[in-house]
Amino acid sequence: MVSNVMPERNNEGFLEDAQEWTEGVAAAIAAEDEVDLSEKHWEIIRFLRSFYKEHEMSPPSNRLFVKAVKEALGEEKGNSIYLMQLFPGTPAKTACRIAGLPRPTNCL
Amino acid sequence: MTDIQTLHILNKSPEHPRANRCMEMMAAGDGLLLTGSGVLLLATGQLPDASKVFALAPDVDARGLGHIAGNAISVDFTEMVTLTLEAQKVISW
Amino acid sequence: MSTLIMIDQPPYGAWTGREALDMAFSLAAFDQPASLLFTGAGVNWLRQSQDAGGIGQKTVEKNLSAAPIFGIEAILADRASCKSYGLEESSLIDGVTLVNNDAALLSEYDHTAFAG
């Protein structure tokens, strides 16, 4: 990790600016949720980062997050049980928070 | 920048009833400044010929119209302010 | 039940179009068949090479490109509206089908709803 400085975040812990994200930031945010990032997590995080770059949005809801993962990485990973095991709570929210992306708009 | 009698600032799309009213009201020597959805007038090719037409560049770029913006004089925010100050009268549609 | 969501508002000027897109995505999330029809000034959503960074917004063209991933069935555009805004098929984003916005088209859907 180059820097220990945490970029500015909103009241729910999402980065204000997706550009300020680093892998170190991801690990620090994950630690708050007691998630230890493995290669399985990084695969989803990289997918979300590229999705955001291409579409300028986070998947808006948990269901659409699962759909988008399924489309990109197949049924084995694009299912809610797999994603819930990796990202506890609401997987779309937890994963987007760790990936430094805006909060999914339709997640309560 | 220019001698403009009345500057018409249009931020409504060509479908909006007010866009038609604006076109009807334009007189020779008037200027037309397109902002917001108003810049879509550039895509229709139906610009008033008797007037100087200006378009706000960030709004043109947002809508992917940079390639046809040549029909209008491109202005940035500062130039837009200058235009409104120099015109005798301004109508914001 | 199939739903057709009509967007006849231009992009960026108001939030109604984005709300309609959100509605379509929500239908798709629950596997309800949904299509989008852009008509009138709404066809300007579909022009290539938009860059909304200068007005501090997200580019709708990029948002819209997520539609097939989420399971939106079709992105339709009214042929006559495209013509009046100088939109050739080559200047439209990928995956758009040109149609005529008429009674025959609407009769193919159980429910048609306008944005805004």
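Residues numbered from 1 in each chain as written. Chains lettered and ligands numbered in written order. Predicted model: local features only at pLDDT ≥ 70, side-chain atom pairs only at ≥ 80, totals over all residues. Heavy atoms only, no water.

How should I be thinking about the overall build of chain B in this particular structure?
A tally of helices and strands in chain B yields four helices and five strands. For chain B, the N- to C-terminal ordering of α and β elements is β-α-β-α-β-α-β-α-β. Computed over C-alpha atoms, the radius of gyration of chain B comes to 12 Å, within 12% of the 12 Å expected from 2.2 N^0.38 for 93 residues, which places it in the range of a compact globule. Considering chain B as a whole, with its 93 residues, one finds that 51% of them fall into the buried category. Sequence-distant contacts in chain B: of pairs separated by 6 or more residues, those separated by 24 or more amount to 55%. Across chain B, the 6 positively charged side chains and the 10 negatively charged ones have centroids separated by 9 Å. (Helix = DSSP H or I, 4+ residues; strand = E, 2+ residues; numbered from the N terminus. Rg over C-alpha atoms; globule rule 2.2 N^0.38 Å. Buried < 20%, exposed > 50% of the residue type's maximum accessible area, 1.4 Å probe, protein only. Contact = heavy atoms within 4.5 Å. Lys, Arg positive; Asp, Glu negative; His and termini not counted. Charge placed at Lys NZ, Arg CZ, Asp CG, Glu CD.)

Just to check I follow, could you spell out the pattern of salt bridges for this structure?
Note on pairing: side chains with opposite charge can pair once their charged atoms come close. All names here are of chain A. Under the definition given, this model contains eleven salt bridges over all chains. Here Lys-93 and Glu-12 are joined by a salt bridge, their closest N and O atoms 3.6 Å apart. Taken as a pair, Lys-93 in helix 5 (residues 91-98) and Glu-12 in the segment before helix 1 (23-32) lie far apart in primary sequence, 81 residues in all. Each of Glu-12, Lys-93 and Arg-103 takes part in salt bridges that share partners, so that together they form one network. (Salt bridge = Lys/Arg side-chain N within 4 Å of Asp/Glu carboxyl O.)

Please explain the interface of chain B and chain C as it appears in this structure.
Many structure descriptions define interface size as the accessible area lost when the parts assemble. On the side of chain C, 18 residues touch chain B, which itself brings 15 residues to the contact. Buried surface at the junction of chain B and chain C, summed over both partners, amounts to about 1,200 Å²; 58% is from carbon and sulfur atoms. In this structure, the connection of chain B to chain C is made through five residue pairs in polar contact (both at pLDDT 80 or more). Elements represented by at least two residues in the side of chain B that touches chain C include exactly helix 2 (41-44) and helix 3 (57-62) of chain B. If one sorts the elements of the side of chain B that touches chain C by residue count, helix 3 of chain B sits on top with four residues. (Buried area = accessible area lost by both parts, 1.4 Å probe. Polar contact = N/O pair within 3.5 Å; in protein donor to acceptor, adjacent residues only side chain to side chain.)

Would you take a moment to explain the layout of surface pockets for this structure?
Over the atoms a probe the size of a water molecule is rolled, and this reveals where empty space is left. For the largest pocket, the calculated volume is near 490 Å³. In terms of lining residues, the largest pocket is bounded by 19 residues, among which Glu-56, Met-57 and Thr-105 of chain A together with Arg-18 and Asn-63 of chain C are the most central. Top contributing element to the lining of the largest pocket by residue count: helix 1 (residues 16-29) of chain C, with five residues. In this model, the second largest pocket occupies a volume close to 410 Å³. Taken together, 22 residues form the lining of the second largest pocket, with Ala-18, Gln-19, Tyr-52 and Lys-53 of chain A together with Lys-58 of chain C sitting closest to its centre. (1 Å grid on protein atoms, 1.4 Å probe; cavity = no way out; pocket = protein on both sides within 12 Å on 5 of 7 lines; lining within 4 Å. Points joined across faces, edges and corners; volume = space filled by probe spheres on them.)

Any chance you could explain the packing of aromatic side chains here in plain terms?
Where two aromatic rings form a pair, the distance of their centres and the angle of their planes describe that pair. All names here are of chain A. All chains considered together, the criterion is met by four aromatic pairs over all chains. Seen from their ring centres, Phe-47 and Phe-51 are 6.0 Å apart, and the 55° between their planes marks the pair as tilted. Taken as a pair, Phe-47 and Phe-51 lie in helix 2 (residues 39-55) at a separation of four residues, close to a single helical turn. For the pair formed by Phe-47 and Phe-51, the shared burial category is buried. (Phe/Tyr/Trp six-rings, centres within 6.5 Å; stacked < 30°, edge-to-face > 60°.)

What is the right way to read the pairing of strand 3 (residues 52-56) of chain B from this model?
Regular strands place their side chains on alternate faces of the sheet. Residues and elements named next belong to chain B. Of all five residues in strand 3, four are buried; the element is thus mostly enclosed. As paired strands, strand 2 (residues 31-34) and strand 3 are joined by four bridges and run parallel to one another. Paired with Gly-31 across the bridge in strand 3 is Lys-52. Pairing geometry for strand 3 and strand 4 (residues 73-75), over three bridges, is parallel. Residue pairing for strand 4: Leu-56 is matched across the bridge by Val-75. (Pairing = 2+ DSSP bridges.)

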